[in-house]
Amino acid sequence: MGLFGKFIAKIKGTAHASVADWDELEASLLEADLGPHLSAEVVRAARSAKAENAEEAILNTLRLALSKKSRALIRASEGTTAVLVVGVNGTGKTTSAAKLAASLSTQDSRVLLAAADTFRAAAVDQLQTWGERLDIDVIHGAPNADPASVAFDAAQQGLARNMDYLVIDTAGRLHNKNDLMAELGKVRRVIEKVMPVQEVLLVVDATTGQNALAQAKVFAESVEVTGLILTKLDGSARGGIALAIEQSLDIPIKFIGTGESATDFAPFEPEIYIQGLL
Ligand SMILES: Nc1nc2c(ncn2[C@@H]2O[C@H](COP(=O)(O)OP(=O)(O)O)[C@@H](O)[C@H]2O)c(=O)[nH]1
Ligand SMILES: [Mg+2]
């Protein structure tokens, strides 16, 4: 991204950066979706440092914005680890659920997928197609089945079949927000009749910028979000939203999506990410 590269080169070459230089830095931070709060903080830190320390001051401010919480996927101490994947339609939930399942199964874990987005028939087909491609079983219900019953069935099968992980895809839109949050709550409760839900991963699309932060706030208020999957970081020069979300909600980004295929998925590495911004 090279967000700060040009700016740092410039202030290193002159004793004083001009007001226009600082404005330019702040504008490029905003453009990269760091948000007004963090953008102002970065500029303040850089301004109060000596020219030769400005880079370090910027780096430190960015590092401080990151969540200190663990980014590792929580594993149940015994039995099946249930991972609920939630988020708005189109952010990449189904794709991310499949990618996560693929990455866990290449680490020698036994993984089961559940298609609990029964609101749209296409969503079930989409996950089943992934399942066939990845050779991972997908639990689904009859068309328009109750998502909670699909999730319950999947949890029971996960346990009975001695699976290491159960990854549950959910709906992103119902008639209204309250319906959706109520449904997610119900899905969670029925799974917990069988096993604890270790992770609720919220999927957000990096290309939607500040909207992603707004969505994260809504979900975090209603369901207990334990981590984020930030998708579509390919083709987006606006990855700064990662920092804005972590700073504002203190929810760690656990994985990133960088494309449409199964392997375009990786654990989030904050230091690599920050160096990328620079
Ligand atoms: N470029 C890119 N596309 C993605 C990524 N993740 C998902 N997609 C695409 O985004 C679209 C919506 O994804 P989907 O998983 O159906 O979203 P859902 O409605 O939240 O389940 C699909 O065309 C995916 O292939 C990503 O990391 N990068
Ligand atoms: Mg979907």
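**Quick notes on the nonpolar core**
- Counting residues in each nonpolar core, the largest one holds 83 residues, and the members touching the most others are Leu113, Ala114, Ala151, Leu166, Val167, Ile168 and Leu228.
- Residue-level mapping places this core at the junction of two domains, with at least three residues from each of domain 1 (5-65) and domain 2 (81-268).
- Filtering out sequence-adjacent residues up to four positions away, Leu228 remains in contact with Leu201, Leu202, Val204, Ala216, Ile245, Ile251, Ile253 and Lys254.

**Some words on the pairing of strand 7 (residues 253-257)**
- By the criterion of burial, strand 7 is predominantly enclosed, with five of the five residues buried.
- Relative to strand 7, strand 6 (residues 227-231) runs parallel, the two being bridged by three bridges. Residue pairing for strand 7: Ile229 is matched across the bridge by Phe255.
- Relative to strand 8 (residues 265-267), strand 7 runs antiparallel, the two being bridged by three bridges. Across the sheet, residue Gly257 finds its bridge partner in strand 8, namely Phe265.

**Comments concerning the site of ligand 1**
- The full set close to ligand 1 counts 19 residues, and Gly92, Lys93, Thr94, Thr95 and Gly257 are the nearest of them.
- The element that contributes the greatest number of residues to the shell around ligand 1 is helix 5 (residues 93-106), accounting for three residues.
- Along the lines of polarity and charge, the residues of the shell around ligand 1 split into one nonpolar, 13 polar and five charged.

**Digging into the domain arrangement of the protein chain**
- Parsing the protein chain into structural domains produces domain 1 (5-65) and domain 2 (81-268).
- The C-alpha centroid of domain 2 is placed 36 Å from the C-alpha centroid of domain 1.
- Tallying the contact residues gives eight residues for domain 1 and 11 residues for domain 2.
- Listing elements by their share of the side of domain 1 that touches domain 2, those giving two or more residues are helix 3 (35-48) and helix 4 (54-65).
- Across the side of domain 1 that touches domain 2, the residue classes tally to six nonpolar, one polar and one charged.

**Some details on helix 7 (residues 147-160)**
- The terminal C-alpha atoms of helix 7 lie 20 Å apart, and with 14 residues this matches the ideal 20 Å at 1.5 Å per residue to within 8%.
- Residues Pro147, Ala148, Val150, Ala151, Phe152, Ala154, Ala155 and Gly158 constitute the buried set of helix 7.
- If you follow the buried residues of helix 7, they end up packed against strand 1 (81-86), strand 2 (111-116), strand 3 (138-139), strand 4 (165-170) and helix 8 (177-191).
- After helix 7 finishes, the residue Asn162 shows a positive phi value of roughly 60°.

**Quick notes on the environment of Lys69**
- With respect to the secondary-structure elements, Lys69 resides in the loop between helix 4 and strand 1.
- A tally of 13 C-beta atoms within 10 Å means that Lys69 is categorised as partly exposed.
- The spacing of Lys69 and Thr118 is 49 residues in sequence and 33 Å in space, taken between C-alpha atoms.
- Among all residues touching Lys69, those that are not within four sequence positions of it are Asp250 and Pro252.

**Quick word on unusual backbone geometry**
- Unlike most non-glycine residues, Asp33 shows phi in positive territory, near 75°.
- Classification of Asp33 as buried rests on a count of 26 C-beta atoms within 10 Å.
- Its identity as a non-glycine residue notwithstanding, Asp135 has a phi of 60°, on the positive side.
- By the secondary structure assignment, Asp135 is in the loop between helix 6 (121-134) and strand 3.
- The exposed category is assigned to Asp135, around which 8 C-beta atoms lie within 10 Å.

Conventions adopted
- Residues numbered from 1 in each chain as written.
- Chains lettered and ligands numbered in written order.
- Predicted model: local features only at pLDDT ≥ 70, side-chain atom pairs only at ≥ 80, totals over all residues.
- Core = buried A, V, L, I, M, F, W, Y, C linked by C-beta atoms within 7 Å.
- Buried ≥ 20, exposed ≤ 12 C-beta atoms within 10 Å, placed from the backbone.
- Domains from an automatic or database assignment.
- Contact = placed C-beta atoms within 7 Å.
- Helix = DSSP H or I, 4+ residues; strand = E, 2+ residues; numbered from the N terminus.
- Pairing = 2+ DSSP bridges.
- Near = placed C-beta within 6 Å.
- Nonpolar A, V, L, I, M, F, W, Y, C, P; charged D, E, K, R; others polar.
- Expected span 1.5 Å × (residues − 1).

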